[in-house]
Amino acid sequence: MRHLLLPLAALLAGPAVAQTAPQPAPAQANSNRWATVDENLGRGGTTQPDGVRRYAFPRSDLNVQLDGVAIKPALALGSWLAFMPMGEEAMVMGDLVLTHDEVNPVMSKLLASGFTVTALHNHLLRSSPATMYLHVGGHGDPGEMAKNLRSALAESRTPMTAPAKAADAKLDFDTAAIDGIMGGKGKPNGGVYQFGFPRAEKLSDGGMPAPASMGTATALNFQPTGGGKAAITGDFVLTATEVDPVLRALRTNGIEVTALHNHMLDDQPRLFFMHFWANDDARKLARGLRAALDKTNIVRPAG
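A brief look at the structure comes next.

The rules behind these values
Residues numbered from 1 in each chain as written. Predicted model: local features only at pLDDT ≥ 70, side-chain atom pairs only at ≥ 80, totals over all residues. Heavy atoms only, no water. Helix = DSSP H or I, 4+ residues; strand = E, 2+ residues; numbered from the N terminus. Buried < 20%, exposed > 50% of the residue type's maximum accessible area, 1.4 Å probe, protein only. Contact = heavy atoms within 4.5 Å. Areas by Shrake-Rupley, 256 points an atom, 1.4 Å probe, with all protein chains shown as cover. Pairing = 2+ DSSP bridges. Axes fitted to C-alpha atoms, helices over the stretch in contact; angles between N-to-C directions. Core = buried A, V, L, I, M, F, W, Y, C linked by side-chain atoms within 4.5 Å. Arc of directions from axis to C-beta.

1. Describing the overall build of the chain
Inference 1: Within the chain, the secondary structure is distributed over eight helices and 17 strands.
Inference 2: Sorting the 303 residues of the chain into buried and exposed places 49% on the buried side.
Inference 3: Within the chain, residue pairs in contact and separated by at least 24 positions form 67% of the contacts whose partners lie at least 6 positions apart.
Inference 4: Element-wise, carbon and sulfur atoms account for 54% of the exposed surface of the chain, whose accessible area totals about 13,300 Å².

What follows is the structure, encoded as structure tokens:
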């Protein structure tokens, strides 16, 4: 019986795979594909402009505190899975938010189903309870992968019913001013103001395209903490030459660097992910993030 999932590097064993880009599937085929994935994951996904289908699994069950701030799921507790069509099959990447006791049960299920665990690390410091972030990759039949991913997630306390859409909480800082400093338009999501900045290069993993929707864009999040202040976290997506300049820019502006690591195994160019934390005046922190962002090769918003 053929294994449904293979490590991404194994997909490149034959020269035809390495040299031929995946062809997009017809729209109707994609619609049918995602209906099965939706059903097997127990929730609807969102199809991105690049054709990637993303699914959110917020850890709304966790009450994580850090420096007196109650962390909202959209700030730093959002598990996600992203499926990219590849003919009749798909490539999947994801980032699963887990407590310490959940890591090994979830990992065991993933490995037994043929997935590749590509990273395991922290994002935050001093948080209680502590959370870990497990990155997963695979390739195969999207419906079967969805079924196996849901089985693995069931080994954690991740809520498996689709969350109700929460009303947007009031953001008590000047979002227009933050937009102006960041040079882009943020989006409110679950009481958090979020920015995404794709890299300008064509990115790949295992020889396959890795667009921004697969988790390769710099993500910067602001959660109001009162009086015009915000807690910030997220991750910068960096090439090796950008790591030191960005780290120094963050530290110079009073922003903690909390983690530096990989998310993928065979990415080109090689990428590093730098996580950060601070709780201070929102505009002050935006200026610090912008100083760091200016050290990176990102796609600048038009206008």
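2. A short note on the environment of Ile255
Inference 1: If you trace the backbone, Ile255 turns up in the loop between α7 (240–252) and β15 (256–261).
Inference 2: In this structure Ile255 comes out as buried when scored by relative accessible area, which is 0%.
Inference 3: When the C-alpha atoms of Ile255 and Leu285 are compared, they prove to be 7.6 Å apart, with 30 residues separating the residues in sequence.
Inference 4: If we ignore the near neighbours within four places in the chain, the residues touching Ile255 are Ile232, Leu250, Phe276, Trp277, Ala278, Leu285, Gly288 and Leu289.

3. A few points about the sheet that holds strand β16 (residues 267–268)
Consider a sheet: its strands pair through backbone hydrogen bonds, and that pairing is either parallel or antiparallel.
Inference 1: Sheet architecture is open: three strands sit in the order β12-β11-β16, paired in antiparallel fashion. Each edge of the sheet is formed by a strand with only one pairing partner; in this case those strands are β12 (208–209) and β16.
Inference 2: In this structure, strand β11 (residues 204–205) lies alongside β16, joined through two bridges in antiparallel fashion. Across the sheet, Ser204 pairs through a bridge with Gln268, a residue of β16.

4. Describing unusual backbone geometry
Inference 1: A cis geometry characterises the amide bond from Ser128 onward to Pro129, with omega recorded as -5°.
Inference 2: Position of Pro129 relative to the elements: it lies in the loop between β7 (116–121) and β8 (131–140).
Inference 3: Residue Pro269 is bonded to the preceding Gln268 through a cis peptide linkage, with omega at -10°.
Inference 4: Tracing the backbone through its elements, the reader meets Pro269 in the loop between β16 and β17 (272–281).
Inference 5: One non-glycine residue, Asp67, adopts positive backbone phi at about 50°.
Inference 6: Along the chain, the position of Asp67 falls in the loop between β3 (65–66) and β4 (69–70).

5. Concerning the sheet that holds β17
Inference 1: Read across the open sheet, the six strands follow the order β9-β10-β13-β14-β17-β15; overall the sheet is antiparallel. Every other strand in the sheet has two partners, leaving β9 (187–189) and β15 as the edge strands with one partner each. In this sheet, neighbouring strand axes are inclined to one another by 20° on average, regardless of whether the strands run parallel or antiparallel.
Inference 2: In the sheet, strand β10 (residues 192–197) pairs with strand β13 (residues 218–226) via five bridges, with the strands oriented antiparallel. Directly across from Gly196, in β13, lies its bridge partner Ala219.
Inference 3: Across the sheet, helix α6 (residues 175–182) is in contact with β10 and β13; its angle to β10 comes to roughly 20°.

6. Looking at the nonpolar core
Inference 1: The biggest cluster of nonpolar side chains holds 29 residues, and the ones touching the most others in it are Met182, Leu220, Phe222, Phe236, Leu250 and Leu289.
Inference 2: Counting only elements with at least two residues in this core, the list comes to α6, β10, β13, β14 (229–238), α7, β17 and α8 (282–293).
Inference 3: Each residue touching Met182, except ones within four places of it in the same chain, is listed here: Phe195, Phe197, Leu220, Phe222, Ala286, Leu289, Arg290 and Leu293.
Inference 4: In terms of nonpolar packing, the next biggest core, distinct from the first, is built from 24 residues, Trp34, Val136, Leu149 and Leu153 among them.

7. Some details on helix α4 (residues 100–112)
Inference 1: Within α4, the full set of buried residues consists of Glu102, Val103, Val106, Met107 and Leu110. Seen along its axis, α4 keeps its buried residues to an arc of 125°; they face one direction. Residues of α4 that are exposed and angled more than 90 degrees away from the buried face: Asn104 and Ala112.
Inference 2: Backbone geometry just after α4 places Gly114 at a positive phi near 90°.

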